[in-house]
Amino acid sequence: MARMMTPKEAKGLSDETVVHVLWLNAGLSCDGDSVSLTNARLPSIEDIALGTIPGLPKVAFHWPLIDYQVGEEFIEWFWKGARGEIDPFVVVIEGSIANERIKTEGYWTGFGNDPLTGQPVTLMEWIDKLAPNATAMVAAGTCATYGGIHAMQGNPTGAMGLADYLGPNWRSKAGLPIVNVPGCPVQPDNMAETLTYLLHQLAGKAPMIPLDEELRPAWLFGKTVHEGCDRAGYYEQADFANDYGSPKCLVKLGCWGPVIKCNVPKRGWMDGIGGCPNIGGICMACTMPGFPDKFMPFMDEPPGAAVSTRAIAPYGNLIRSLRAITKHTADKEPKWRAPSTTLRTGYRP
Ligand code: SF4
Ligand code: SF4
Ligand code: SF4
């Protein structure tokens, strides 16, 4: 099967083209994903914004967290996108999308004012205006990807993620699907790396971004927390922590790591440091589409864990005892390493 055309092949972008990034943090959000991205190192946001990465197109961020422009001057870039006066541009959504259609007055979200009415422009309205002209749409963080905390059962806003709103089969005018980078907050390097990939793709230097069935970058979300956890050796030996402060496996304290798609224990949080269970925090499944409802109450042992820990106990306890013997032997030097009048190494001329 022939690979899909990249946007550059499809549109013929020149090397001088500036890619605008319109960052809408107007969703139901704590801005944690914006703050998280400032900690990225691979690459850093400064490297992307200042054009120090070879092969990357010029990028202009219109992002409240780092932009010098404010007020109407800042918002004008979003109106330009809506009017189709800038091209190409990537829209980043941060925060969940409140359903503004279920109420008769007021608004749940707002980002700038409509000059005609003087009323705030809701996130839903911005998505409606920008999506038809966008080259790519990216959801940053679990609120924007799947609804997250604000989309819990019983919430009054009808909150949802970007693909819930536009539909999972939405495609940009350049043929790109929505790109979801979940996490609460998003892991900084996961977000920076995804943006970098997309920018390379827009420049015609990378094939279509590989996504999984939930629209996540496949290379970032293909493994479970458990598969990368520093404590996995304890699990295998059925050695479980009963309280915090222990270096052992946290499954009985509520860790969902065995079934959660997230690379944070492998990647760490900042500069490779940290990573939830590695440093003593249970994995509460913050990257997952079912978060938080399907994983609550957070501090309880997951239902499947009771079965799996019981099943692994006989094997783990036996292996641990046998390894204790082997470890004792392996921890000693061979007996011939001593001053002696005879050679005791077994050497035969
Ligand atoms: Fe905040 Fe988490 Fe939602 Fe991001 S995903 S906006 S960090 S609550
Ligand atoms: Fe797996 Fe969690 Fe235990 Fe780590 S702490 S080994 S992720 S169950
Ligand atoms: Fe979220 Fe678990 Fe990944 Fe930590 S390890 S970021 S809690 S999914």
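Given the structure is predicted, the values throughout are model-derived calculations rather than measurements.

Conventions and cut-offs
Residues numbered from 1 in each chain as written. Chains lettered and ligands numbered in written order. Predicted model: local features only at pLDDT ≥ 70, side-chain atom pairs only at ≥ 80, totals over all residues. Heavy atoms only, no water. Helix = DSSP H or I, 4+ residues; strand = E, 2+ residues; numbered from the N terminus. Buried < 20%, exposed > 50% of the residue type's maximum accessible area, 1.4 Å probe, protein only. Polar contact = N/O pair within 3.5 Å; in protein donor to acceptor, adjacent residues only side chain to side chain. Contact = heavy atoms within 4.5 Å. Phe/Tyr/Trp six-rings, centres within 6.5 Å; stacked < 30°, edge-to-face > 60°. Lys NZ or Arg CZ within 6 Å of the ring centre and 35° of its normal.

Visitor: Would you explain the side chain of R267 in this entry?
Guide: Mapped onto the secondary structure, R267 falls in helix α10 (residues 264-267). Taking relative accessible area as the criterion, R267 reaches 18% and is therefore assigned buried. A polar contact is formed between the side chain of R267 and the side chain of E193, at a distance of 2.4 Å. When near neighbours in sequence (up to four residues on either side) are disregarded, R267 contacts L42, Q187, D189, N190, E193, L220 and G272.

Visitor: What should I look at first to understand the packing of aromatic side chains in this one?
Guide: Under the definition given, this model contains 12 aromatic pairs. Centre to centre, the rings of W23 and W63 are 4.5 Å apart; their planes meet at 20 degrees, and the pair counts as stacked. Highlighted residues: W23 in strand β1 (residues 18-24) and W63 in the loop between β2 (58-62) and α4 (71-83), separated in sequence by 40 residues. Taken individually, W23 and W63 each receive the classification buried, so the pair is uniform in this respect. A ring pair is formed by Y235 and F240, whose centres lie 5.7 Å apart and whose planes are at 80 degrees; its orientation type is edge-to-face. One exposure class covers both Y235 and F240, and it is buried. Ring pairs connect the aromatic residues F74, F78, W79, F111 and W126, which therefore count as one cluster. Here K80 stacks its cationic end above the ring of W77, 5.1 Å away from the centre of that ring.

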